[in-house]
Amino acid sequence: MKKQKASFTGLIAFGSYNPLRNNCVRDVKILAFINLATSFYTAVVVFCVLGYMAHNNMHTCIQGDMMKMVEVYPDLFPKLEDVQAAFTDDTWKELIADGFTSKYEKMKDVSAMCDYHKIITEAAEGTGLAFVVFTEAIIKFPFPPLWSFLFFLMLISLGLGSMFGTLEGVITSLNDSQLIQLKKPVLTAILCGSACFIGLIFATNAGQYWVSLFDHFAGSYGLMCVAFMEVIAVIYVYGYERFVRDIEFMTGEKVSQYWIFTWRFISPLIMFFLFITSVVSCFNKLPTYYTYDKETAKLRETEYPPWALWIALFMVILAISPLIIVFFIRKFKIIAAEPNIPASINRKSIIKSIIAGIKASERHPIDDIHAEIGAILQSDDRVFRLRNDDRDCEWPRTKASAVQSLCLIAPTVPHSLPSHE
């Protein structure tokens with residue numbers, strides 16, 4: 001899920017609370033390293049447990065075959081202990097590899113043909129990995145209740161942490177855009193209550209199947225589309241040059257051509273390729289999910305029924321619909337709202353913050369002040385243009401009284417914006 005985390009807007013929402021001159025490049029490197037280390041650590045733990053459980057299941061399967069041999073060859077092996085004394089797990093694997101072509105040919109028809117690859121393939125995934133495989137492994141630990149408590153406490157912490165980030169992305173976006181005129185606590189309560197109500201479907205007898213449906217469609221196709229549109233909006237609508245200038249202003253470091261090339265070409269192409277291949281694979285083969293077979297006590301791959309695919313299509317459309325809705329709201333000004341900058345960082349708040357620093361004792365060169373003010377206020381060239389050659393400022397007449405003093409005085413510009421209103 002980490003690969004789609006940015007498209008949840010949780011990181012973007014948290015980043016909007018940073019100071020203006022925060023070194024976001026450093027933060028990204030730290031965050032990427034933490035994600036990488038966590039992924040490696042998780043992979044080691046998960047595959048160690050899967051390997052351990054596969055080894056145990058292989059041993060159980062071989063023991064079952066040995067019991068069948070007692071039934072097939074009662075004269076040679078009257079008891080199970082006789083078979084266990086004659087064969088080890090390794091020698092039994094050799095018999096399976098040879099297809100029981102020796103004197104035990106009758107075992108061909110009754111043997112389970114135990115195979116590591118088949119056992120690992122049939123291992124549970126998703127929620128089954130946490131609630132089935134890991135639970136069976138924990139039982140074999142010393143003092144299982146302690147490890148069980150710690151394991152499920154970790155799952156609860158991970159779930160709450162993920163939900164905090166996901167909800168913050170939604171709450172901050174709605175609150176800053178002013179599309180919904182509600183106080184933040186009230187908006188949070190409504191969203192949490194709605195999510196709780198919708199989540200009740202996951203607590204039904206078919207809850208596991210609904211989780212698979214949501215995870216397969218709402219958490220993949222929709223998020224890939226959202227992530228792709230985020231890149232297009234920032235790099236090609238807002239403009240990569242402005243984006244690079246903003247980063248250089250915030251960090252004080254020059255952005256390398258590698259990142260510019262990646263933002264402009266590599267990232268959009270990779271996401272577009274992944275989205276197209278996902279859609280093509282969906283049409284080539286009907287999506288499947290795993291159902292529990294009580295007779296074999298195993299998961300069985302099953303195709304989604306047609307009505308479930310219609311629900312999946314509705315979820316994908318619902319996930320990307322805010323992009324279309326907000327576009328029309330902004331384009332045709334259906335709702336009066338700040339068209340370019342969220343309410344939390346609108347120009348009035350920035351201007352107030354800058355004027356508040358005039359009385360500070362620290363002084364900066366006039367060119368630095370003009371450049372700093374220009375970078376802060378320049379959401380587009382029609383709103384604010386700074387000409388360093390004659391140190392003159394141009395702005396719409398409606399902004400003249402609010403901004404003109406900034407071009408006549410060289411105050412200290414604060415290094416942080418006001419917090420979210």
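Shown above is the structure to which this text applies.
Undergrad: Just checking my understanding: could you explain helix H11 (residues 257-284) for this structure?
TA: For an α-helix, 3.6 residues make a turn, and residues three or four places apart therefore share a direction. Its 28 residues place the ends of H11 39 Å apart at the C-alpha level, agreeing with the 40 Å of an ideal helix rising 1.5 Å per residue. Within the sequence span of H11, burial applies to Ile260, Thr262, Trp263, Pro268, Met271 and Ser278. As for H11, its buried residues are in contact with helix H10 (221-251).

Undergrad: Hey, could you run me through the layout of surface pockets in this one?
TA: One way to see where empty space is left: roll a probe the size of a water molecule over the atoms. Taken as a whole, the second largest pocket holds about 360 Å³ of empty space. Around the second largest pocket, the lining is made up of 13 residues, and of these Phe217, Cys282, Phe283, Leu309 and Leu313 lie nearest the centre. Of all elements in the fold, only H11 and helix H12 (306-331) reach the threshold of two or more residues within the lining of the second largest pocket. With five residues, the top contributor of residues to the lining of the second largest pocket is H12. Its residues assigned to classes, the lining of the second largest pocket shows 13 nonpolar, no polar and no charged.

Undergrad: Teacher, can you tell me more about the environment of threonine 9 here?
TA: Structurally, threonine 9 can be placed in the segment before helix H1 (10-15). Between the C-alpha atoms of threonine 9 and threonine 166, which are 157 residues apart in sequence, the distance is 7.1 Å. When residues no more than four places from it in sequence are discounted, the contact partners of threonine 9 are Gly169, Val170, Ser173 and Glu230.

Undergrad: For this particular structure, what's the right way to read the packing of helix H9 (residues 207-218) against H10?
TA: Contact geometry of H9 with H10 gives a least axis separation of 5 Å together with a crossing angle of 25°. One way to sum up the angle between H9 and H10 is to call them roughly parallel. Of the residues in H10, those in contact with His216, Phe217 and Ala218 of H9 are Tyr221, Gly222 and Leu223. Partitioned by chemical class, the residues of the contact of H9 with H10 number four nonpolar, two polar and no charged.

Undergrad: What should I look at first to understand the pattern of salt bridges in this one?
TA: Side chains that differ in charge, positive against negative, can pair when their charged atoms come close. Following the criterion strictly, the structure yields three salt bridges and no others. Taking the shortest distance from any N to any O, the salt bridge between aspartate 90 and lysine 93 comes out at 3.9 Å. With aspartate 90 and lysine 93 both in helix H4 (residues 89-98) and three residues apart, this pair spans about one turn of that helix. A salt bridge links glutamate 168 to lysine 184; the shortest N-O distance between them is 3.6 Å. One end of the pair, glutamate 168, is in helix H7 (residues 144-177); the other, lysine 184, is in helix H8 (residues 184-199), and 16 residues separate them in sequence. For glutamate 168, a relative accessible area of 16% corresponds to the buried category. Of the residues examined, lysine 184 reaches a relative accessible area of 28% and is grouped as partly exposed.

Definitions and limits used
- Residues numbered from 1 in each chain as written.
- Predicted model: local features only at pLDDT ≥ 70, side-chain atom pairs only at ≥ 80, totals over all residues.
- Heavy atoms only, no water.
- Helix = DSSP H or I, 4+ residues; strand = E, 2+ residues; numbered from the N terminus.
- Expected span 1.5 Å × (residues − 1).
- Buried < 20%, exposed > 50% of the residue type's maximum accessible area, 1.4 Å probe, protein only.
- Contact = heavy atoms within 4.5 Å.
- 1 Å grid on protein atoms, 1.4 Å probe; cavity = no way out; pocket = protein on both sides within 12 Å on 5 of 7 lines; lining within 4 Å.
- Points joined across faces, edges and corners; volume = space filled by probe spheres on them.
- Nonpolar A, V, L, I, M, F, W, Y, C, P; charged D, E, K, R; others polar.
- Axes fitted to C-alpha atoms, helices over the stretch in contact; angles between N-to-C directions.
- Parallel < 35°, antiparallel > 145°, perpendicular 65-115°, else oblique.
- Salt bridge = Lys/Arg side-chain N within 4 Å of Asp/Glu carboxyl O.

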